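# Observations on chain architecture
Next come the chains, spelled out residue by residue.
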Amino acid sequence: MSNEQQTKQITSADGFIAALDQSGGSTPKALKLYGVEEDAYSNDEEMFGLIHDMRARIVNSPAFTGKQIIGAILFERTMDSDIGGKPSATYLWEERHVVPFLKVDKGLADEEDGVCVMKDMPDLDALLEKAVSKGIFGTKMRSVINAATPTGIAKVVDQQFAIGKQILDHGLVPIIEPEVTISIADKAEAEQILLAEIKKGLDALPEDAQVMLKLTLPEAENTYKPLVDHPRVMRVVALSGGYSRSEANDRLSKNTGIIASFSRALTEGLSAKQADTEFDQTLAGTVDEIYKASIAG
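## Remarks on the layout of surface pockets
- The computed volume of the largest pocket comes to approximately 750 Å³.
- Taken together, 28 residues make up the lining of the largest pocket; nearest its centre are Q22, S26, R142, E179 and S263.
- Within the residue set of the lining of the largest pocket, elements represented by two or more residues are α2 (26-33), β7 (138-145), β8 (173-180) and α11 (264-267).
- Ranked by the residues each element gives to the lining of the largest pocket, the list is headed by α2, at four residues.
- The class makeup of the residues in the lining of the largest pocket is six nonpolar, 12 polar and 10 charged.
- What the second largest pocket holds in volume is close to 260 Å³.
- The wall of the second largest pocket is formed by 18 residues, among which N3, Q6, G135, I136 and F137 lie closest to the centre.
- For the lining of the second largest pocket, the secondary-structure elements that each account for two or more residues are α1 (2-12) and α5 (88-96).
- Among the residues making up the lining of the second largest pocket, the classes are represented as eight nonpolar, eight polar and two charged.

## A word on the nonpolar core
- The biggest cluster of nonpolar side chains holds 83 residues, and the ones touching the most others in it are F64, L194, I198, L202, L213, L227 and L266.
- When neighbours within four sequence positions are excluded, F64 is seen to be in contact with A18, L20, I58, V59, I69, A72, L92, R96 and V98.
- Counting 15 residues, the second-largest nonpolar core is a separate cluster that includes I17, I175, M234 and V237.

Reading the values: rules and limits
- Residues numbered from 1 in each chain as written.
- Predicted model: local features only at pLDDT ≥ 70, side-chain atom pairs only at ≥ 80, totals over all residues.
- Heavy atoms only, no water.
- 1 Å grid on protein atoms, 1.4 Å probe; cavity = no way out; pocket = protein on both sides within 12 Å on 5 of 7 lines; lining within 4 Å.
- Points joined across faces, edges and corners; volume = space filled by probe spheres on them.
- Helix = DSSP H or I, 4+ residues; strand = E, 2+ residues; numbered from the N terminus.
- Nonpolar A, V, L, I, M, F, W, Y, C, P; charged D, E, K, R; others polar.
- Core = buried A, V, L, I, M, F, W, Y, C linked by side-chain atoms within 4.5 Å.
- Buried < 20%, exposed > 50% of the residue type's maximum accessible area, 1.4 Å probe, protein only.
- Contact = heavy atoms within 4.5 Å.

Structural data, given as structure tokens:
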């Protein structure tokens, strides 16, 4: 029953997906923005403990509920940890009515042909089995496009869909994320190539399969509307990608049917030094802004 409820929520509910999946190299930066300097921890275990404390504080805030946040993407260590005395994914759904997702990629390979595909994931099946056992609904995996190279972009999309099928075989919904870097000169051209390649990948899926897409906010409004309307797409979400929250929200509001899945833009303005009242008020304001932008289109 909960899976049916989760599917309905992700498919059609108003709101957005919170990306709480900073990992590896992005964690020190996320902590620094949160007001925790590198001298506050001396090893990875302490660092990941501090980022878990930050995530738990966000999830426990009165602003973090399924009324506006329909899903949340977790890092593996977060999935393996507890929040409020329950496993994180269980707590999210049972206490906050937020659908749990898991980041499954192991980072990016070196750039080649203008793109960074994902590193190999030899232990993916075991991770997916664990995710299912812990009540995870879907997964997320990220590649990066740094140039409008047709062969490179095709390689990114082919890898994403190949692994996406592996994820579907475990009964999970994959979020396919081929991020286009916002600062490249040929971003609009890259987006047109990406659109065509994703359509090919979707058309090749079995008729009963559904995936999600996480995409950089495009240069031309509604570039990705054909993907929003595709029968094999459960939802299209947008990453903030380095845009400020205000610009990301502005761009998002002009793209019909796309909702947010922000990470840095969600935590912008939050600080470990804030008292709970200020922290909760800041997060509530942020959540409201992103929610309104997500339903505006």
